[in-house]
Amino acid sequence: MTSSERKRIAIIGFGRMAEVAHLPALQKAGWEVVAVVDVTTARQRDARKLGISTVVDSVDELIKQDVVIDAVLIAAHSSVRREAALPLIERGVHLLIEKPLAITADEAEAICNACDDAKVKLSVYHNRRFDPDVMMMRAMVRDGRLGRILSIENRSFADKPAVEFGAASFNPNWRITRKLGGGTLLDFGPHWIDQVLTLSPDLGRVKSVFARIGHHRFGDADDDFLINLVFESGSHALISKTDVCPIAPNYKWLVIGEHGSAIFRDDRITFRDFKGAEHTIDQQGE
């Protein structure tokens, strides 16, 4: 792209995810990040150091600025995404919003309906759909070597929540605070569920759901969830994430098929069939 062809985007919520993931990805894709909205002085200072010229502390202030914007990325914490989105939608600004779209179904529907009415484009950021483990397991399932899928496990275990990832100058504990949209279900659930749902079109639609969500140790939001899905194909899936597990199995994926099974651990997939033949696959292939 030439400079005159580059699309211009603003970022609302310049936390760690915006700095280390969104900003370089947008720039690599040819976007010019022209503005940042953040409520903390430290993060505003960091944005300026990175060469972003317009830095303000509210969406209202962003709207008042004499800056041309084609789209906005909303990466502020979950509980303010609807509040940030609606005034931008009214002005016809296209949106990319971090998952989860909102903290309730009603809020998410309000955003979607407003975008439909204003003919605004909306996308939700699902980067973990393209994690190496997902890409490798999806390829194995779709190449047919497992045969018809009988069951799927997509699980992860930790002994603490991911509060250390956040920007210290804001409030890292928002991730374990319910009213701010915290909790491991909203943090990891959209990714882990989406990974299973996009594993293979042969699974069909989900026909039943069972879920257990618990709060045990950290903050006042959930720190443990387990979801069982049954698909029209007859396949079952177990999806879970816990932050209260000091010792755990060392795998993330276990997929069982009619012809064999595959497990993901130690950054690689191991497949074994009923004749005992075994193959190991990493990011470079078999």
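Since this is a predicted model, take the numbers as computed values, not measurements.

1. Section: the sheet that holds strand S10 (residues 236–242)
Taken in spatial order, the eight strands make up an open sheet running S8-S9-S10-S7-S11-S12-S13-S14, and their pairing is mixed. A single partner strand is all that each edge strand has here, and the edge strands are strand S8 (206–214) and strand S14 (278–281). On average, adjacent strands in this sheet sit at an angle of 10 degrees to one another, irrespective of strand direction. One ladder, built from four bridges, connects strand S13 (residues 268–273) with S14; its direction is antiparallel. Opposite Arg272, over in S14, you have Glu278 as the bridge partner. Strands strand S7 (149–157), strand S11 (253–257), strand S12 (260–265), S13 and S14 of the sheet are contacted by helix H6 (residues 132–142), whose axis makes an angle of about 170 degrees with S12. Contacts from helix H7 (residues 184–197) reach S7, S8, strand S9 (224–231), S10 and S11, with the element oriented near 25 degrees to S9.

2. Observations concerning H7
For H7, with 14 residues, the first-to-last C-alpha span of 19 Å sits near the 20 Å given by 1.5 Å per residue. Helix geometry: H7 is bent most strongly at Pro190, by close to 30 degrees. The element H7 is extensively covered by neighbouring structure, given that ten of its 14 residues are classed as buried. For H7, every residue scored as buried is listed here: Thr184, Asp187, Phe188, Gly189, Pro190, His191, Trp192, Asp194, Gln195 and Val196. Looking at the buried side of H7, the elements it contacts are H6, S7, S9, S10 and S11.

Thresholds, definitions, all that
- Residues numbered from 1 in each chain as written.
- Predicted model: local features only at pLDDT ≥ 70, side-chain atom pairs only at ≥ 80, totals over all residues.
- Heavy atoms only, no water.
- Pairing = 2+ DSSP bridges.
- Helix = DSSP H or I, 4+ residues; strand = E, 2+ residues; numbered from the N terminus.
- Axes fitted to C-alpha atoms, helices over the stretch in contact; angles between N-to-C directions.
- Contact = heavy atoms within 4.5 Å.
- Expected span 1.5 Å × (residues − 1).
- Bend = angle between axes of the 7 residues up to and from the residue.
- Buried < 20%, exposed > 50% of the residue type's maximum accessible area, 1.4 Å probe, protein only.

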